[in-house]
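Here's the letter readout for the chains.
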Amino acid sequence: MQLRLASVAMLAALAWPAAAPAADYTIDSKGAHASINFRVKHLGFSWLTGRFDTFTGTFSYDAKAPEAAKVSVEIDTASVSSNHAERDKHLRDADFLDVAKFPKATFVSKKVEPAGDGKAKVTGDLTLRGVTKEIVLDAEYIGGGADPWGGNRVGFAGTASLPLADFGITFNLGPASKEVELTLNVEGVENK
Amino acid sequence: MQIRDTIGGYGLASRLMHWLMAIAIVATFGLGLWMVGLDYYSPYYHAAPELHKSVGILLLIALVVRFAWRLANVRPDDDDLSPLERTAARVVHWGFYPLLLALMVSGYLISTADGRPIDVFGLFEVPSPGENKGLEDAAGAIHAWLSYVVIAVAAVHAAAALKHHVIDRGRSLSRMWSGPRSN
């Protein structure tokens, strides 16, 4: 009987291997399995894309209680890159990110509302250019489980659309370019 | 027409380079100050930096030619200056070369930090020395500061030349304009 119970438990474990317990994760910026990208319309004609190359972050996640998840990310604003040195220099100066004055941008979640199907609304405070505003990220669970190297990982993608003027960026890029779309791709490695 | 410099004064080549470069340097400084404040929808938003970079590269070439010409020519005498004035004048004259060289090279390094070349009036391209991530920031800060230093030194140089011309009744300004009197 005891043997049978043990087999059932083992079977259960095999059947739901992805249902990892609550754990804390560190975003894998070291291995660059994470990226923070943005895009802004150029003249209304095309998408100009860029990214922040340097950032760190952590999150906690429990597959059985996704609403209890927490995430916090800190971005080095000077690491902005749009694949064009002259533009990147401009993006770092006072017209845009003003990185000398505001070297860090942060996002700290306050509330996670699961919307089913691996999706959730993540409400949190984004501090950018010295302005802290509540934003909502549309987040999606991408996958998770044991990695081939002895650790556990779980990854998400999140997007948000922000009016640049909300964060004091009022440089005139034209009527079609007043919003920036942020995309975060994060893979966390479970802390040991 | 005296092309080369003599003990008595500056030849045509030196005078042309002096005044053309003086005009181009001051104009490029003004253009630089103006262009960084342009609205994105200004018709000059791209044209102004293109002109600034093109003239800057031509100035860099002119600077090298001028330095070589200086070394290859006899230096006109400055006997009518007091010892202090002479030292000051020489420091400023020779100081312009490294200052301008650093100013122009730092500008070149901003635009080429991502590996892109600089196009000079659509005539030729100066290639990047290689992609150097983030160099545009340091190069930009140096470029901005040096531009003010160069203009400040140029103002001192012009004020000293005027003082020498008007107050001391010296001949250095007129011989930079009309060449050696002996010819």
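Residues numbered from 1 in each chain as written. Chains lettered and ligands numbered in written order. Predicted model: local features only at pLDDT ≥ 70, side-chain atom pairs only at ≥ 80, totals over all residues.

## Quick notes on the overall build of chain A
Here comes step 1: The helix and strand inventory of chain A stands at two helices and 11 strands.
Here comes step 2: Helices and strands appear in chain A in the N-to-C order α-β-β-β-β-β-β-α-β-β-β-β-β.
Here comes step 3: Excluding contacts between residues fewer than 6 apart, the proportion of contacts in chain A whose partners are at least 24 apart in sequence is 54%. (Helix = DSSP H or I, 4+ residues; strand = E, 2+ residues; numbered from the N terminus. Contact = placed C-beta atoms within 7 Å.)

## Some thoughts on the overall build of chain B
Here comes step 1: Looking only at helices and strands, chain B features five helices and two strands.
Here comes step 2: From first element to last, N terminus to C terminus, chain B shows the α and β order α-α-α-β-β-α-α.
Here comes step 3: Reported as C-alpha extents along the three principal axes, the dimensions of chain B are approximately 50 × 30 × 30 Å.
Here comes step 4: Relative to its full complement of 183 residues, chain B shows a buried share of 18%. (Buried ≥ 20, exposed ≤ 12 C-beta atoms within 10 Å, placed from the backbone.)

## Re the pairing of strand S10 (residues 152-163) of chain A
The side chains of a regular strand alternate between both faces of the sheet.
All names here are of chain A.
Here comes step 1: With eight bridges connecting them, strand S9 (residues 131-146) and S10 associate as antiparallel partners. Across the sheet, Ala-139 pairs through a bridge with Gly-158, a residue of S10.
Here comes step 2: From the end of S9 to the start of S10, which pair antiparallel, there are five residues, and Gly-150 there has a positive phi angle of about 95°.
Here comes step 3: Sheet topology places S10 next to strand S11 (residues 179-190); 11 bridges connect them, and they run antiparallel. Bridge pairing links Val-154 to Gly-188 in S11. (Pairing = 2+ DSSP bridges.)

## Overview of the packing of helix H2 (residues 85-92) of chain A against helix H4 (residues 135-166) of chain B
Here comes step 1: Where H2 of chain A meets H4 of chain B, the axes come as close as 9 Å, and the angle between the chain directions of the two elements is 75°. As judged from the angle between their axes, H2 of chain A and H4 of chain B are roughly perpendicular. Two secondary-structure elements touch here, H2 of chain A through Ala-85, Glu-86, Asp-88, Lys-89 and Arg-92 of chain A and H4 of chain B through Glu-136, Asp-137 and Gly-140 of chain B.
Here comes step 2: Looking at side-chain class alone, the contact of H2 of chain A with H4 of chain B contains one nonpolar, one polar and six charged residues. (Axes fitted to C-alpha atoms, helices over the stretch in contact; angles between N-to-C directions. Parallel < 35°, antiparallel > 145°, perpendicular 65-115°, else oblique. Nonpolar A, V, L, I, M, F, W, Y, C, P; charged D, E, K, R; others polar.)

## Considering the pairing of S9 of chain A
Residue and element names in this part refer to chain A.
Here comes step 1: Bridge analysis of strand S8 (residues 119-128) against S9 gives 10 bridges, and the strand direction is antiparallel. Its bridge partner being in S9, Lys-119 is matched across the sheet by Glu-140.
Here comes step 2: Hairpin connection between S8 and S9: a loop of two residues separates the two successive antiparallel strands, and Arg-129 in this loop has a positive phi of roughly 60°.

## Points about unusual backbone geometry
Negative phi is the rule for most residues except glycine; trans is the rule for most peptide bonds.
All names here are of chain A.
Here comes step 1: In the Ramachandran plot, Ala-32 falls in the positive-phi region, its phi being about 55° despite a non-glycine side chain.
Here comes step 2: Its place among the elements puts Ala-32 in the loop between strand S1 (23-27) and strand S2 (34-42).
Here comes step 3: Taking the number of C-beta atoms within 10 Å as the measure of exposure, Ala-32 has 9 and is therefore exposed.
Here comes step 4: Even without being glycine, Asp-98 reaches a positive phi, approximately 50°.
Here comes step 5: Along the polypeptide, Asp-98 turns up in the loop between H2 and strand S7 (104-116).

## Some remarks on the confidence of the model for chain A
Here comes step 1: Taken as a whole, chain A shows an average pLDDT of 92; of its residues, 90% reach a score of 70 or greater.
Here comes step 2: Confidence over residues 11-18 of chain A falls short of pLDDT 50; this stretch has four contacts with residues more than four positions distant or in other chains. (pLDDT = per-residue confidence, 0-100.)

## Observations concerning helix H3 (residues 83-112) of chain B
Here comes step 1: Compared with an ideal rise of 1.5 Å per residue, which puts 30 residues at 44 Å, H3 of chain B spans 44 Å between its outermost C-alpha atoms and is within 8% of the ideal.
Here comes step 2: The sharpest bend along H3 of chain B reaches about 30° and sits at Gly-95 of chain B, with the proline Pro-98 of chain B one to four residues further on.
Here comes step 3: Among the residues of H3 of chain B, those classed as buried are Phe-96, Leu-100, Leu-103, Met-104, Ser-106, Gly-107, Tyr-108, Leu-109, Ile-110, Ser-111 and Thr-112 of chain B.
Here comes step 4: For H3 of chain B, the elements touching its buried residues are H2 of chain A together with helix H2 (47-72), strand S1 (118-120) and H4 of chain B. (Expected span 1.5 Å × (residues − 1). Bend = angle between axes of the 7 residues up to and from the residue.)

## Focus on the environment of Ile-169 of chain A
Here comes step 1: Mapped onto the secondary structure, Ile-169 of chain A falls in the loop between S10 and S11.
Here comes step 2: Taking C-alpha positions, Ile-169 of chain A is 8.8 Å from Ala-94 of chain A, a pair spaced 75 residues apart along the chain.

## Points about the interface of chain B and chain A
For an interface, size is often stated in terms of accessible area lost upon the parts coming together.
Here comes step 1: Contacts between chain B and chain A engage 10 residues on the former and 10 residues on the latter.
Here comes step 2: Looking at the side of chain B that touches chain A, the elements with two or more residues in it are H3 and H4 of chain B.
Here comes step 3: The greatest single-element share of the side of chain B that touches chain A, amounting to three residues, is contributed by H4 of chain B.

## So, H2 of chain B
Residue and element names in this part refer to chain B.
Here comes step 1: Taking 1.5 Å per residue, 26 residues should reach 38 Å; H2 reaches 37 Å between its end C-alpha atoms and fits that length.
Here comes step 2: For H2, every residue scored as buried is listed here: His-52, Lys-53, Gly-56, Ile-57, Leu-59 and Arg-66.
Here comes step 3: Among the structural elements, helix H1 (12-35), H3, S1 and strand S2 (124-126) are those in contact with the buried residues of H2.

## Remarks on the nonpolar core
Here comes step 1: Ile-75 and Val-122 of chain A are the most contacted members of the largest nonpolar core, which totals 33 residues.
Here comes step 2: With four residues, the top contributor of residues to this core is S8 of chain A.
Here comes step 3: If we ignore the near neighbours within four places in the chain, the residues touching Ile-75 of chain A are Ile-36, Phe-52, Phe-55, Lys-104 and Ala-105 of chain A.
Here comes step 4: Formed by 13 residues, the second largest nonpolar core is a distinct cluster that contains Ala-85 of chain A together with Leu-59, Phe-96 and Leu-100 of chain B. (Core = buried A, V, L, I, M, F, W, Y, C linked by C-beta atoms within 7 Å.)

## What about the environment of Arg-39 of chain A?
Residues and elements named next belong to chain A.
Here comes step 1: Relative to the elements of secondary structure, Arg-39 occurs in strand S2.
Here comes step 2: Remark: the alpha-carbon pair of Arg-39 and Ser-72, spanning 33 residues in sequence, is separated by 22 Å.
Here comes step 3: For Arg-39, the residues in contact, after removing those within four places along its chain, are Trp-47, Leu-48, Thr-49 and Glu-181.

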